[in-house]
Amino acid sequence: MPRVSLSESNQSFEVAAESVIYDALSDQGLDLPHGCLAGSCGACRIHVSLGSENLSPAGAIEKNTIEAIQDEYRKSVGEEFLKDKHIRLSCRARVKGDVTITPLSRK
Ligand code: FES
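Keep in mind that this is a model prediction, so the values were computed, not measured.

Undergrad: Whenever I open this one, the sheet that holds strand β5 (residues 99-103) confuses me. Can you help?
TA: Within a beta sheet, neighbouring strands are joined by backbone hydrogen bonds and run either parallel or antiparallel to one another. If you trace the 5 strands from one edge of the open sheet to the other, you get β2-β1-β5-β3-β4, paired in mixed fashion. Here the strands that pair on one side only, and so sit at the sheet edges, are β2 (11-14) and β4 (87-89). For this sheet, the mean angle separating the axes of adjacent strands, direction not counted, is 35°. Of the strand pairs in this sheet, strand β1 (residues 3-6) and β5 are connected by 3 bridges, and their pairing is parallel. Within β5, the position partnered with Leu 6 by the bridge is Ile 101.

Structure, rendered in structure tokens:
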């Protein structure tokens, strides 16, 4: 089974393949930041530091929201913040293999 690790807390969870990150961790008692759970608010934004290739491709809704998040960061903290950041939405991304994530806050 794939493993989702949180880089800041050193927590790690085995999850079912193809499960949505937010749902899989919620089922195990971890409440990640979230809002709409539908891919549009961006509250569940995460940085995928390892294994981004092990996530499902982002769909149109997720891509639009990620672009809005990136614009938000460019305006608030600058382009440099986005360097080496692989932003996904935990309410949309499905796990196919091991990943390491960090929840991101609004700036
Ligand atoms: S919770 Fe709103 S986009 Fe994920």
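Undergrad: Explain the environment of Gly 42 to me, please; I cannot follow it from the model alone.
TA: Among the structural elements, Gly 42 can be located in the loop between α1 (21-27) and β3 (45-50). In contact with Gly 42, other than residues within four places in its own chain, are Thr 65, Ala 68 and Ile 69.

Undergrad: What is the right way to read the nonpolar core from this model?
TA: Nonpolar side chains in soluble globular proteins generally cluster together in the buried interior. Counting 18 residues, the largest nonpolar core has Val 4, Ile 21, Ala 24 and Val 95 as the members making the most contacts within it. Those elements that provide at least two residues to this core are α1, β3 and β5. The dominant element in this core, judged by the number of residues it contributes, is α1, at 4 residues. Residues in contact with Ala 24, not counting those within four places in the same chain, are Val 4, Val 15, Ala 16, Ser 19 and Val 95.

Criteria and cut-off values
Every chain's residues receive numbers from 1 upward, in the order its sequence appears when written. Side-chain atom pairs in this predicted model are given and counted only at pLDDT of 80 or more, local residue features only at pLDDT of at least 70, and totals for whole chains, interfaces and linings cover all residues. Two strands pair under a simple rule: DSSP has to find at least two bridges between them. Under the scheme used here, helices are H or I runs from DSSP no shorter than 4 residues and strands are E runs no shorter than 2 residues, and both carry numbers assigned from the N terminus. Where helices are involved, their axes are fitted lines through C-alpha atoms of the stretch in contact, as for all axes, and angles between N-to-C directions lie from 0 to 180°. What counts as a contact is two residues whose backbone-derived C-beta atoms lie within 7 Å of each other. Any nonpolar core is a set of buried residues, restricted to Ala, Val, Leu, Ile, Met, Phe, Trp, Tyr and Cys, that join up through C-beta atoms within 7 Å. The exposure scheme places C-beta atoms from the backbone and then counts, for each residue, the other C-beta atoms within 10 Å of its own, assigning buried at 20 or more, exposed at 12 or fewer, and partly exposed in between.

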